[in-house]
Number of protein chains: 2
Amino acid sequence: MKYAPIRLKEKFLKFDDHWAPKIIASMNDYHFKAVKFQGEFVWHKHDTTDEVFFVLDGEMTIAFRDGSVTIVAGELFVVPKGVEHKPSADLECRAMLIEPAGTINTGNAGGEMTADDNVWI
Amino acid sequence: MKYAPIRLKEKFLKFDDHWAPKIIASMNDYHFKAVKFQGEFVWHKHDTTDEVFFVLDGEMTIAFRDGSVTIVAGELFVVPKGVEHKPSADLECRAMLIEPAGTINTGNAGGEMTADDNVWI
């Protein structure tokens, strides 16, 4: 089929790991990524870009140095560039990230939870 | 509340018109827009940008000169820049558009269905 939609539910069947975003679409120089969150991520920031979290299933919390936000299915949130944040989710949460191609999940922090930024599914 | 999520269902309660995207969030120089489709739009293209359609409720079809795609809730589709397309929806369809700020709904075509590109809700 020359023109086919991208079915998010099918994409989420293709991986099980947490905190490792997978690219499902590109728009100009941006990537749309499917990701599963569970547990605690690391404090980090992205100095050159905003980052959009769109929750599709479950809920997650993003902590900031001066507050936090809980995002549930059907809600989105824009983390402004340069703002330190720490995502977490008690139960598995499925989300879509929208951000420039090449954005590293751990931003400035690096470390063990850093994922490959160029895995397509 | 310093940090608040953007609740898509609430945004869709705030307008009734079709084919007139409303901005709900910005990320860098991109806009996320809520839009309701029903009926037929006009053939047009966007020469400088891709355009993402993410269907949240219902279904829509995008016709191309050499085919078409039907997109249902939970699916997204990227219309490549420069490609002529004509969206339509038999019944009301709710979607989110993601595209650069300032993108005009009718692209190169203009005409009566051209909407203000800077309406926030």
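Residues numbered from 1 in each chain as written. Chains lettered and ligands numbered in written order. Predicted model: local features only at pLDDT ≥ 70, side-chain atom pairs only at ≥ 80, totals over all residues.

A short note on the overall build of chain A
Within chain A, the secondary structure is distributed over 1 helix and 8 strands. A compact globule built from 121 residues would reach a C-alpha radius of gyration of about 14 Å, and chain A, at 14 Å, matches this within 12%. When its C-alpha atoms are laid out on the principal axes, chain A stretches across 50 × 30 × 25 Å. When burial is assessed residue by residue, chain A has 33% of its 121 residues classed as buried. A sequence separation of at least 24 residues applies to 66% of the contacts in chain A between residues at least 6 apart. (Helix = DSSP H or I, 4+ residues; strand = E, 2+ residues; numbered from the N terminus. Rg over C-alpha atoms; globule rule 2.2 N^0.38 Å. Buried ≥ 20, exposed ≤ 12 C-beta atoms within 10 Å, placed from the backbone. Contact = placed C-beta atoms within 7 Å.)

Here we look at the interface of chain A and chain B
Facing 27 residues of chain A, the contacting portion of chain B comprises 27 residues. Elements supplying a minimum of two residues to the side of chain A that touches chain B: strand 1 (6-7), helix 1 (8-12), strand 2 (22-27), strand 6 (67-72) and strand 7 (75-79) of chain A. Strand direction decides the pairing type here: strand 1 of chain A and strand 7 (residues 75-79) of chain B, joined by 2 bridges, are antiparallel. Looking at the pairing, I6 of chain A lines up with L76 of chain B of strand 7 of chain B. (Pairing = 2+ DSSP bridges.)

Examining the environment of W120 of chain B
All names here are of chain B. By the secondary structure assignment, W120 is in the segment after strand 8 (85-100). Overall, W120 belongs to the exposed group, with 10 C-beta atoms counted inside 10 Å. Linking W120 and K2, residues 118 residues apart in sequence, is a C-alpha distance of 19 Å. Once residues lying within four places of it in the same chain are set aside, the contact partners of W120 are K22 and I23.

With respect to the relation of the copies chain A and chain B
At an RMSD of 0.0 Å, chain A and chain B line up after a rotation of 180 degrees and a shift of 0.0 Å along the axis. Within this description, the copies of the chain are treated as partners about a two-fold rotation axis. By residue overlap, the copies meet face to face through one surface: 100% of the interface positions of chain A are interface positions in chain B. (Least-squares fit on C-alpha atoms with pLDDT ≥ 70 in both.)

Section: unusual backbone geometry
A positive phi angle, close to 70 degrees, is found at W19 of chain A, a residue other than glycine. By C-beta crowding, W19 of chain A is classed as partly exposed, having 19 other C-beta atoms within 10 Å. The backbone of N28 of chain B sits at a positive phi, close to 50 degrees, despite the residue not being glycine. For N28 of chain B, the location among the structural elements is in the loop between strand 2 (22-27) and strand 3 (30-40). Assessed through the 18 C-beta atoms surrounding it within 10 Å, N28 of chain B is described here as partly exposed.

Overview of the nonpolar core
One finds F53, M60 and A95 of chain A together with F53, M60 and A95 of chain B to be the most contacted residues of the largest nonpolar core, which totals 49 residues. Every residue in contact with F53 of chain B, bar those within four places of it in the chain, is listed here: I71, L76, F77, V79, A95 and L97 of chain B. (Core = buried A, V, L, I, M, F, W, Y, C linked by C-beta atoms within 7 Å.)

Overview of the confidence of the model for chain A
Across chain A, the average pLDDT comes to 97, with 99% of residues at or above 70. The ipTM for the predicted assembly is 0.96, set against a pTM of 0.97. (pLDDT = per-residue confidence, 0-100.)

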